[in-house]
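Topology and contacts: notes
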Amino acid sequence: MNQQALKNILTKVQEGQLSVKDALDGMKNLYFEDMGFAHVDHHRSIRKGFPEVIYGAGKTVEQIAGIMERMAAQGDVVLVTRLDPEKGQQLLSRFPQSSYDGQARMLILEETPLPETGRGKIVVACAGTSDIPVAREAFLTAKAMGNRVDIVCDVGVAGLHRLMAYRELMESATVIVAVAGMEGALPSVVAGLFAKPVIAVPTSIGYGTSFNGLTALLAMLNSCASNVAVVNIDNGFGAGYIASTINR
């Protein structure tokens, strides 16, 4: 249930096209729906402009499918994150109209894609090819939320000429998501070159002393560039969501 759907129900009641009883039936799960193992937050679309997102790790296929069915009945877009390929294929067979991205480990069900609501464009840049899964999670999240999004891969600080080849694209962005593992330097460089909000995403890519992304996280938190904000390790979804919020 989103604001437009609620407005349509109220308008139909006002115009006599819908009875009060039918309107109440349509809004009975407006706040949340108790499924026993989950309380599905249908109100979130009205409150925040985008529906609840399902975190797939740790949930069974039956639990995810049950939540998806309830959410699809109330809205147009359902996202499932951190979904392994086996569960993804099982859910695809149950929701053939959905799509699964194996790199991002995301399932997206769009009955009607959201219209573009962003004021400008989001650019997702990742330092290395190994960072692509996290970058794609950010890309797909921002795109599903109604934004124009471009993605640029393998433009890390080991060869800055690669990044500078996309200077015009970076300048055209409203928000930049910079994804990097290893020493996590890319967001600082990007933020130093472009006057845009930069959402820094540390990844768990790197050798021993990267400590599964902790080194990159600390480097990004200590950036001397003032226009950098940092999300958690491998949290492409969070970066895409924040970038979308800023772009609106």
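Residues numbered from 1 in each chain as written. Predicted model: local features only at pLDDT ≥ 70, side-chain atom pairs only at ≥ 80, totals over all residues. Heavy atoms only, no water.

Thoughts on the sheet that holds strand 10 (residues 198-202)
- Reading across from one edge, 8-7-9-10-11 is the order of the five strands in this open sheet, with parallel pairing throughout. With one partner strand each, in any of the chains shown, strand 8 (148-152) and strand 11 (228-230) form the two edges of the open sheet. Taken pair by pair, the neighbouring strands of this sheet meet at an average axis angle of 20°, ignoring direction.
- Direction of pairing for strand 10 relative to strand 11: parallel, over a ladder of three bridges. Bridge pairing in strand 11 links valine 198 to valine 228.
- Sheet contacts for helix 9 (residues 186-193): strand 7 (121-126), strand 9 (175-180), strand 10 and strand 11; angle to strand 9, the most-contacted strand, approximately 155°.
- Strands in contact with helix 10 (residues 214-221) are strand 9, strand 10 and strand 11; relative to strand 10, the strand with the most contacts, it is inclined by about 155°. (Pairing = 2+ DSSP bridges. Helix = DSSP H or I, 4+ residues; strand = E, 2+ residues; numbered from the N terminus. Axes fitted to C-alpha atoms, helices over the stretch in contact; angles between N-to-C directions. Contact = heavy atoms within 4.5 Å.)

Regarding the pairing of strand 10
- Counting buried positions along strand 10 gives five out of five residues, so the element sits mostly inside the fold.
- Residues of strand 10 alternate between two faces, with Val198, Ala200 and Pro202 on one and Ile199 and Val201 on the opposite face, all of them buried.
- Sheet analysis places strand 9 next to strand 10, joined by five bridges and oriented parallel. If you follow isoleucine 176 over to strand 10, its bridge partner there is valine 198.
- Once the chain exits strand 10 it traverses helix 10 before rejoining the sheet at strand 11, and the crossover so formed is right-handed. (Buried < 20%, exposed > 50% of the residue type's maximum accessible area, 1.4 Å probe, protein only. Right-handed = clockwise from strand over helix to strand, strands pointing away.)

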